[in-house]
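# Reading the structure
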Amino acid sequence: MDQDKQETFDEMVGPVGSAAERLWLLATRRAHRTANKLRVSARKRFPYILPARGPLSDLDGGIEMSAHIFSRDPLVLYIPVGGPRPLHPLAAVGRRLAARRATFLLMPMWTMERPAVVAQMGRDLAWYAARFPLHEVIFLCNNEEERRLIVAVGGKAMFSNHNLMISEDVFRPLPDVAVEFDAVYNGRISPMKRHYLAFEIDRLVHVTYSIGELTPPAARAFIRRLQAQSPRHRIANPIVGGLPGRLTSAEVNRVYNQAAVGLCLSAVEGAMYSSMEYLMPGCRLSARRASAGATSISIRTIA
């Protein structure tokens, strides 16, 4: 692990076929990280500097975001926000709705207990309020400390943990599904998810996916490493071109029903949707912790 308790690159991809292949993976990883930093930097700044109309107004169209329409009249949108400058998706969509009254309910995807991020967000909120006076922005905070921090920089906020949004119609026990695995781990392909902590479990099923934190060659190497762990380990996702495809929510629920325990392996987490997804079908919830350099791990049952 590195100093931030994340998996190192070597821990993620495991042994590779040759020294040349390893050098290739490392080189593409460096290039990917540099390009990704530039892309993220542009995406989080463009919505604040582009005009609302004209040929340059759509240059922020590459921003990927989710939005749920709670009401059309009056317009109420529910938008997940996160990252180092959380309001950039709000700024992007807000410019397109400048002439219309709207309420935006913002759901933090990751903890807002980060003073520097919240301080920048306070400045962005002031910028937004001055330009879009017809819009109301309300944060749905995952705990009281988040609410306090956001209110302190001028935001409107209430305590409403985002795990309340988990649907019991989707994530629920299935009486016709037998338990086949000791544990399930729902974690994207990312150093912070520390998949290696679960390798000693006898029967394990993974729900995983890539959001581009590793290059495709490195992500494929990671998938090969998971597949090689044990014949009793399985990746629930369909593998397409060496990478995991998406599962529907109903398919994920079925996987949860096949496992006795749901794992939480990150050193740091937010409110963590998957913890509620595990519990609603009947999985117990377990956390695994390992100190830097430790060769053994322990399981602690939380619920």
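One structure accompanies this document, and this report is about it. (Residues numbered from 1 in each chain as written. Predicted model: local features only at pLDDT ≥ 70, side-chain atom pairs only at ≥ 80, totals over all residues. Heavy atoms only, no water.)

On to the overall build of the chain, then. For the chain, the helix and strand inventory stands at eight helices and 13 strands. Each of the 303 residues in the chain was classed as buried or not, and the buried ones make up 46%. Nonlocal contacts in the chain, meaning residues at least 24 apart in sequence, comprise 65% of its contacts between residues at least 6 apart. Looking at the chain as shown, the accessible area adds up to about 15600 Å², and 55% of this sits on carbon and sulfur atoms. (Helix = DSSP H or I, 4+ residues; strand = E, 2+ residues; numbered from the N terminus. Buried < 20%, exposed > 50% of the residue type's maximum accessible area, 1.4 Å probe, protein only. Contact = heavy atoms within 4.5 Å. Areas by Shrake-Rupley, 256 points an atom, 1.4 Å probe, with all protein chains shown as cover.)

Cis peptide bonds are those with omega within 30 degrees of zero, and the linkage from Asp73 to Pro74 qualifies with 5 degrees. Turning to its location among the elements, Pro74 is positioned in the loop between strand 1 (68-72) and strand 2 (75-81). If you check the backbone angles, Arg194 has positive phi at about 50 degrees while not being a glycine. Positionally, Arg194 belongs in the loop between strand 6 (181-186) and strand 7 (204-207).

Right, let's talk about helix 6 (residues 216-228) for a bit. Residues separated by three or four positions in an α-helix point in the same direction, a consequence of the helix having 3.6 residues per turn. Helix length check: helix 6, at 13 residues, gives a terminal C-alpha distance of 18 Å against a target of 18 Å (1.5 Å per residue), a fit within 8%. All of the buried residues in helix 6 are Ala218, Ala219, Ala221, Phe222, Ile223 and Leu226. (Expected span 1.5 Å × (residues − 1).)

Looking now at the packing of aromatic side chains. Within the structure shown, the criterion is met by five aromatic pairs. Pairing Tyr128 with Phe132 gives two aromatic rings, centres 4.6 Å apart and planes at 50 degrees, and the pair type is tilted. Take Tyr128 and Phe132: they sit in the same class, and that class is buried. When the centroid spacing of 5.2 Å and the interplanar angle of 80 degrees are considered together, the rings of Tyr256 and Tyr278 count as edge-to-face. Here the residue Tyr256 occupies a position in helix 7 (residues 249-257), and Tyr278 occupies one in helix 8 (residues 273-279), the gap between them amounting to 22 residues. With a relative accessible area of 1%, Tyr256 lands in the buried category. (Phe/Tyr/Trp six-rings, centres within 6.5 Å; stacked < 30°, edge-to-face > 60°.)

Here strand 1 runs beside strand 2; their pairing, made up of four bridges, is antiparallel. Residue His68 lies in a different strand from strand 2, and its bridge partner there is Tyr78. Counting the residues between successive antiparallel strands, the hairpin from strand 1 to strand 2 contains two residues. (Pairing = 2+ DSSP bridges.)

Right, let's talk about the sheet that holds strand 4 (residues 135-141) for a bit. Consider a sheet: its strands pair through backbone hydrogen bonds, and that pairing is either parallel or antiparallel. The five strands are arranged 1-2-3-4-5 in an open sheet whose pairing can be described as mixed. In this open sheet, the two edge strands, each paired with only one partner strand, are strand 1 and strand 5 (156-159). Pairs of neighbouring strands in the sheet enclose a mean axial angle of 25 degrees, with direction left out of account. Sheet analysis places strand 4 next to strand 5, joined by four bridges and oriented parallel. Its bridge partner lying in strand 5, Phe139 is registered against Ala157. Contacts between helix 5 (residues 144-152) and the sheet are confined to strand 3 (102-108), strand 4 and strand 5, with strand 5 contributing the most and set at about 170 degrees to the helix. (Axes fitted to C-alpha atoms, helices over the stretch in contact; angles between N-to-C directions.)

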